[in-house]
Amino acid sequence: MRVVFLNSLEKKDGGAMIRGAQVWIGEEDGVWRMGWNEVTADSEQEDLWYEGASWSEMLHIYRHRLAAKLGEGFRPIMEGIWDEKEALTGRGMAAQKLFCYSELNSNEPVYNELTAWRRRKASSERKAPYLIASNRLLRMISVFLPQTVDELLQLPGVGENKAGEYGAELLEITRAAERKRGFPLDWVEQEIDDEVFRTWMYKQKEVKYRAEMEKFNVRRAVLEALAAGLKVEDICARTGIERRDAVELLESLEKEGYNTEDLVSAELEVMPEAEQQAVWKAYEELGDTLLKPVLQKVYGPEASEGGSGNLDTLYERLRLIRIRYRRQRENARHAG
């Protein structure tokens, strides 16, 4: 096997190395292999992380697994273990340190009160909770306890609109709690140990790369399902994703040039041809950016108020026909 990449790492405790490791990538006859060799004073262990023909798949696994090891405290002896294009400086770094501090110094009573407020607000406004505020933002608010709108605006993730819409209610909660340190928050940087922050950053990368790897695996499974002539139901069973997510992924794949017509045809077999033509005509009249106007044009203004199951089915069919509509429009554009 030809080794094409090798880097050494070490894990220290109190300045003394307690573990050593190597991450490596090799190739032989078109097959990629990637592994992790870990050494202690008493033992040596090799873990094969990947073996296969896909460089892209291997890269996703490499990033995720390596970020996990760095999050455990391993550090490369030589930098350049991956391309750090996302290096943060200035305000970006300051924001990450605020996130880090708030997650390592939680204020659970206030955080729980804020999440309960978010549930009530999301229910009353019929919005997804994350559109009101993310968990990360609520945790930061619970730790730093802003007392004024100006202080609230100093937290990353809070803009004028959010402060104007929800600021009064958020401040009513935070003002009722005792605060030990105030604003501005320039004291936070001195409170975070550099190595602790570095480990926290690697753990954020692990979460990010795990999500990317999962998306990659779902995408691959959908492509395999397309090649096998399977339907949306089969894709959902294979990947665990919802039907809407599967159809949205099909739209994305079609944009990339993959042919989804066999699956689209199979799914639309139960839809009357006249109904399909009505949807097509509505796209020609209204455009294909927004689905709700097309839904109401074809099925009537009251259609968007129908039962969730039937409404989901209608929107799914609109998306499937939109795949065809966009493909034909793109083909016509190239032909012209």
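For clarity, every value in this text was computed on a predicted model and none was experimentally measured. (Residues numbered from 1 in each chain as written. Predicted model: local features only at pLDDT ≥ 70, side-chain atom pairs only at ≥ 80, totals over all residues. Heavy atoms only, no water.)

## Observations concerning the packing of helix α3 (residues 108–125) against helix α7 (residues 160–174)
Working step 1: In the contact formed by α3 and α7, the axes pass within 10 Å of each other and the chain directions differ by 145°. The crossing of α3 and α7 is right-handed. Between α3 and α7, the contacting residues are Val110, Glu113, Leu114, Trp117, Lys121 and Glu125 on the first element and Glu165, Tyr166, Glu169, Leu170 and Ile173 on the second.
Working step 2: Its residues assigned to classes, the contact of α3 with α7 comprises six nonpolar, no polar and five charged. (Axes fitted to C-alpha atoms, helices over the stretch in contact; angles between N-to-C directions. Helix = DSSP H or I, 4+ residues; strand = E, 2+ residues; numbered from the N terminus. Left-handed = near helix turned anticlockwise from the far one by under 90°. Contact = heavy atoms within 4.5 Å. Nonpolar A, V, L, I, M, F, W, Y, C, P; charged D, E, K, R; others polar.)

## Notes on the packing of aromatic side chains
Working step 1: A complete count under the given rule lists eleven aromatic pairs for this structure.
Working step 2: Summarising the aromatic geometry, the rings of Trp36 and Phe74 are spaced 5.2 Å apart at their centres and angled 90° between planes, so their arrangement reads as edge-to-face. Of this pair, Trp36 sits in strand β3 (residues 31–39) while Phe74 sits in the loop between α1 (55–71) and β5 (75–76); the two residues are 38 residues apart in sequence, bridging distant segments of the chain.
Working step 3: On the numbers, 5.7 Å between centres and 80° between planes, the contact of Trp117 with Tyr166 is edge-to-face. One end of the pair, Trp117, is in helix α3; the other, Tyr166, is in helix α7, and 49 residues separate them in sequence.
Working step 4: Residue Trp117 is classed as buried on the basis of its relative accessible area, which comes to 5%.
Working step 5: Put simply, the rings of Trp36, Trp49 and Phe74 pair up and form one aromatic cluster.
Working step 6: Across the ring face of Tyr111, the terminal group of Arg139 is positioned such that the distance to the ring centre comes to 3.9 Å.
Working step 7: Its guanidinium or amino end placed over the ring of Trp187, Arg181 lies 4.2 Å from that ring's centre, counting from NZ or CZ. (Phe/Tyr/Trp six-rings, centres within 6.5 Å; stacked < 30°, edge-to-face > 60°. Buried < 20%, exposed > 50% of the residue type's maximum accessible area, 1.4 Å probe, protein only. Lys NZ or Arg CZ within 6 Å of the ring centre and 35° of its normal.)

## A look at the environment of Arg118
Working step 1: Along the polypeptide, Arg118 turns up in helix α3.
Working step 2: We classify Arg118 as buried; its relative accessible area is 10%.
Working step 3: Separated by 48 residues in the primary sequence, Arg118 and Leu70 place their C-alpha atoms 34 Å from one another.
Working step 4: With near-sequence residues (within four places) excluded, Arg118 lies in contact with Pro129, Ile132, Ala133, Ser134, Asn135 and Leu138.

## Focus on the nonpolar core
Working step 1: Formed by 34 residues in total, the largest nonpolar core has its most connected members in Phe144, Leu155, Leu185 and Val188.
Working step 2: Counting residues per element, this core draws most heavily on helix α5 (residues 135–144), which supplies six residues.
Working step 3: Leaving out residues up to four positions away in the same chain, Val188 has contacts with Lys97, Leu98, Tyr101 and Phe144.
Working step 4: Judged by nonpolar contacts, the second largest core, of 31 residues, contains Ala225, Leu253, Ala303 and Leu311. (Core = buried A, V, L, I, M, F, W, Y, C linked by side-chain atoms within 4.5 Å.)

## Here we look at the pattern of salt bridges
Working step 1: Following the criterion strictly, the structure yields 33 salt bridges and no others.
Working step 2: In this structure, Glu206 engages Arg210 in a salt bridge whose closest nitrogen and oxygen atoms are separated by 3.3 Å. Here Arg210 and Glu206 lie together in helix α9 (residues 194–227), a separation of four residues that amounts to about one turn.
Working step 3: For the salt bridge of Glu248 with Arg244, the shortest nitrogen-to-oxygen distance reads 3.0 Å. Of this pair, Glu248 and Arg244 both sit in helix α11 (residues 243–255), four residues apart, which is roughly one turn of the helix.
Working step 4: The exposure class of Glu248 is partly exposed, given its relative accessible area of 29%.
Working step 5: Taking the relative accessible area as the measure of exposure, Arg244 reaches 55% and is therefore exposed.
Working step 6: Each of Arg244, Glu248, Glu251, Arg319 and Arg322 takes part in salt bridges that share partners, so that together they form one network. (Salt bridge = Lys/Arg side-chain N within 4 Å of Asp/Glu carboxyl O.)

## Describing α5
Working step 1: Most of α5 sits out of view: eight of its ten residues are buried.
Working step 2: Leu137, Leu138, Arg139, Met140, Ile141, Ser142, Val143 and Phe144 are the residues of α5 that are buried.
Working step 3: Phi turns positive one or two residues past the end of α5, at Leu145, with a value near 50°.

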